[in-house]
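A closer look at the structure
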Amino acid sequence: GGGLSKADEAEAREVMAFCLVALDRPDEAEHEFVRLLMVVPDRKLDPVTTSPKILKVFEKAKGK
C-alpha cells in the first residue's frame, strides 16, 4: 500500500518538469516527462496554455 496513485504521480512529475524547464534544466525536465509518459502514455499538454519551451522538451521526451 501507500504511494501515489498513477494520476497523482503523473501530476507531480508534470509540475516538477514544468519547474525544471523554468529553472533552465531541460535535461532533468525531459527525464521527468519520460517518467510521466511511462505512467500515463497518452498524456497531452495544452498547446494554448503551455509555454513553447515546455512543449519542446515534452515533445523530445515523447520521441524517446
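Fair warning: this is a prediction, and the values are worked out from it, not measured in the lab. (Residues numbered from 1 in each chain as written. Predicted model: local features only at pLDDT ≥ 70, side-chain atom pairs only at ≥ 80, totals over all residues. Heavy atoms only, no water.)

This next bit is on the pattern of salt bridges. Overall, the coordinates contain eight salt bridges when judged by the stated rule. Note that Glu 11 is salt-bridged to Arg 43, the shortest N-O span being 3.3 Å. On the criterion of sequence distance, the pair formed by Glu 11 in helix α1 (residues 6-22) and Arg 43 in the loop between α2 (26-39) and α3 (52-62) is long-range, its members being 32 residues apart. Judged by its relative accessible area of 42%, Glu 11 falls in the partly exposed class. Between Lys 60 and Glu 30 there is a salt bridge, with the nearest N and O atoms lying 3.4 Å from each other. Pair noted here: Lys 60 is in helix α3 and Glu 30 is in helix α2, with a separation of 30 residues, a long-range link. A residue is classified by how much of its surface remains accessible, and Glu 30, at 7% relative accessible area, is buried. Salt bridges sharing partners connect three or more residues here, namely Glu 9, Arg 13 and Glu 32. (Salt bridge = Lys/Arg side-chain N within 4 Å of Asp/Glu carboxyl O. Helix = DSSP H or I, 4+ residues; strand = E, 2+ residues; numbered from the N terminus. Buried < 20%, exposed > 50% of the residue type's maximum accessible area, 1.4 Å probe, protein only.)

Following the criterion strictly, the structure yields two aromatic pairs and no others. Their ring planes at 70 degrees and their centres at 6.2 Å tell us that Phe 18 and Phe 33 sit as a pair that is edge-to-face. Residue Phe 18 is found in helix α1, and its partner Phe 33 is found in helix α2; the two are separated by 15 residues along the sequence. Judged by relative accessible area, Phe 33 falls into the buried class, the value being 0%. (Phe/Tyr/Trp six-rings, centres within 6.5 Å; stacked < 30°, edge-to-face > 60°.)

Bringing the environment of Glu 28 into the picture now. By the secondary structure assignment, Glu 28 is in helix α2. Taking the C-alpha atoms as reference, Glu 28 lies 12 Å from Lys 60; in sequence the two are 32 residues apart.

Ala 29, Phe 33, Leu 45 and Phe 58 are the most contacted members of the largest nonpolar core, which has 16 residues in total. Those residues in contact with Leu 45 that lie beyond four places of it in its chain are Glu 14, Phe 18, Phe 33, Thr 50, Ile 54, Leu 55 and Phe 58. (Core = buried A, V, L, I, M, F, W, Y, C linked by side-chain atoms within 4.5 Å. Contact = heavy atoms within 4.5 Å.)

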